[in-house]
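# Summary of structural features
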Amino acid sequence: MIPDGSWTKTGFHHSPSPSVQVLDRWRIGIVVALWNREITEELERGCRAVLLERGLREDQIETYQVPGCFEIPVASSWFCSLKSPVDAVIALGCLIKGETPHFDLIAEAVNRGLMDLSLREGRPMVNGVLTVLDTEQANQRLGGAHGHKGQEAAYTALQMLELRSQTLQAT
Ligand code: DLZ
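Conventions and cut-offs
Residues numbered from 1 in each chain as written. Predicted model: local features only at pLDDT ≥ 70, side-chain atom pairs only at ≥ 80, totals over all residues. Buried ≥ 20, exposed ≤ 12 C-beta atoms within 10 Å, placed from the backbone. Helix = DSSP H or I, 4+ residues; strand = E, 2+ residues; numbered from the N terminus. Pairing = 2+ DSSP bridges. Right-handed = clockwise from strand over helix to strand, strands pointing away. Axes fitted to C-alpha atoms, helices over the stretch in contact; angles between N-to-C directions. Parallel < 35°, antiparallel > 145°, perpendicular 65-115°, else oblique. Left-handed = near helix turned anticlockwise from the far one by under 90°. Contact = placed C-beta atoms within 7 Å. Nonpolar A, V, L, I, M, F, W, Y, C, P; charged D, E, K, R; others polar. Near = placed C-beta within 6 Å. Core = buried A, V, L, I, M, F, W, Y, C linked by C-beta atoms within 7 Å.

## Looking at the pairing of strand 6 (residues 125–132)
Judged by how many residues are buried, strand 6 sits mostly within the fold: six of eight residues are covered. In this structure, strand 5 (residues 88–96) lies alongside strand 6, joined through eight bridges in parallel fashion. Counted as the bridge partner of L95 is T131 from strand 6. Between the parallel pair strand 5 and strand 6, the chain is carried across by helix 4 (residues 102–121), and the sense of this crossover is right-handed.

## A short note on the packing of helix 2 (residues 37–53) against helix 6 (residues 149–170)
Put simply, helix 2 and helix 6 touch, their axes get as near as 7 Å, and they point 40° apart. With respect to helix 6, the axis of helix 2 lies oblique. Regarding helix 2 and helix 6, the two cross each other, and that crossing is right-handed. Contacts between helix 2 and helix 6 involve E42, L43, E44, R45, G46, C47, V50 and L51 from the former and K149, G150, Q151, A153, A154 and Y155 from the latter. Per-class residue counts for the contact of helix 2 with helix 6 are seven nonpolar, three polar and four charged.

## Describing the site of the ligand
Taken together, the neighbourhood of the ligand is formed by 15 residues, with A33, W35, G68, C69 and F70 sitting nearest. Those elements that provide at least two residues to the shell around the ligand are strand 5 and helix 4. Per-element accounting of the shell around the ligand gives the leading share, four residues, to strand 5. Of the residues contributing to the shell around the ligand, the split by class is nine nonpolar, five polar and one charged.

## Observations regarding the environment of E162
Mapped onto the elements of the fold, E162 is located in helix 6. A residue is classified by how many C-beta atoms lie within 10 Å of it, and E162, with 17 of them, is partly exposed. Sequence spacing of E162 and L23 is 139 residues, and the spatial spacing of their C-alpha atoms is 9.9 Å.

## Observations concerning the sheet that holds strand 3 (residues 28–33)
Reading across from one edge, 4-3-5-6 is the order of the four strands in this open sheet, with parallel pairing throughout. At either end of the open sheet lies a strand with only one pairing partner, and these are strand 4 (61–66) and strand 6. For this sheet, the mean inter-axis angle between neighbouring strands, taken without regard to orientation, is 15°. Each of strand 3, strand 4, strand 5 and strand 6 touches helix 2; the most contacted strand, strand 5, lies at about 155° to it. Sitting on the sheet, helix 4 touches strand 5 and strand 6, and the angle it makes with strand 6 is about 170°.

## Structural notes on the pairing of strand 4
Sheet topology places strand 3 next to strand 4; six bridges connect them, and they run parallel. Counterpart to I28 in the pairing with strand 4 is I61. The handedness of the strand 3 to strand 4 crossover, carried by helix 2, is right-handed.

## Details of the nonpolar core
Judged by nonpolar contacts, the single largest core of 40 residues is most densely connected at C47, V89, I90, A91, L92, A154 and A157. Contributing elements (two or more residues each) for this core: strand 3, helix 2, helix 3 (72–80), strand 5, helix 4, strand 6 and helix 6. Here this core takes seven residues from strand 5, the largest share from any one element. For C47, the contacting residues outside a window of four places in its chain are I30, I90, L92, G128, G150, Q151, A153 and A154.

Have a look at this one:
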């Protein structure tokens with residue numbers, strides 16, 4: 001079930017229907033990493049379900065699949081350099097901590113990459129990458145005790161696009 005917006009431990013998740021501007025004009029790119037695929041497929045499913053349920057059309061949402069989280073920032077940048085760039089990107093992936101420093105290095109690279117891109121492009125890059133110790137922690141974030149991070153990423157993108165509409169009207 002898709003919850004309405006609410007305050008949770010992790011922040012506010014927006015529920016009001018998006019404005020006409022958002023529904024008519026904005027396009028959203030989803031970049032989903034295929035590493036830990038069962039988990040990331042569910043992140044994407046929940047994310048798309050919220051976007052469609054809130055009124056976006058299928059043609060306003062495009063997905064790029066990448067091998068792993070490390071590839072997310074560059075694929076996100078490709079969304080920004082399209083002839084008709086997307087207005088926000090939602091990054092979905094799952095990093096599971098192993099016994100090497102890989103986890104921290106990739107998590108740091110993805111965070112930094114998305115933030116740099118977001119500031120450079122002036123577009124939201126929503127970070128829906130799970131960083132967990134094991135699959136149980138991941139499942140708790142796919143509709144378990146810690147909500148559904150794919151759905152939350154969708155709400156975050158809609159909330160940022162709504163804010164962007166307002167700031168453009170004010171200038
Ligand atoms: C190499 C690697 C490892 C160890 N773990 C993960 C992971 O938990 N989640 C994920 O999305 N990707 C992982 N990768 C793959 C890297 O993100 C990347 O795809 C490769 O290093 C190739 O650049």
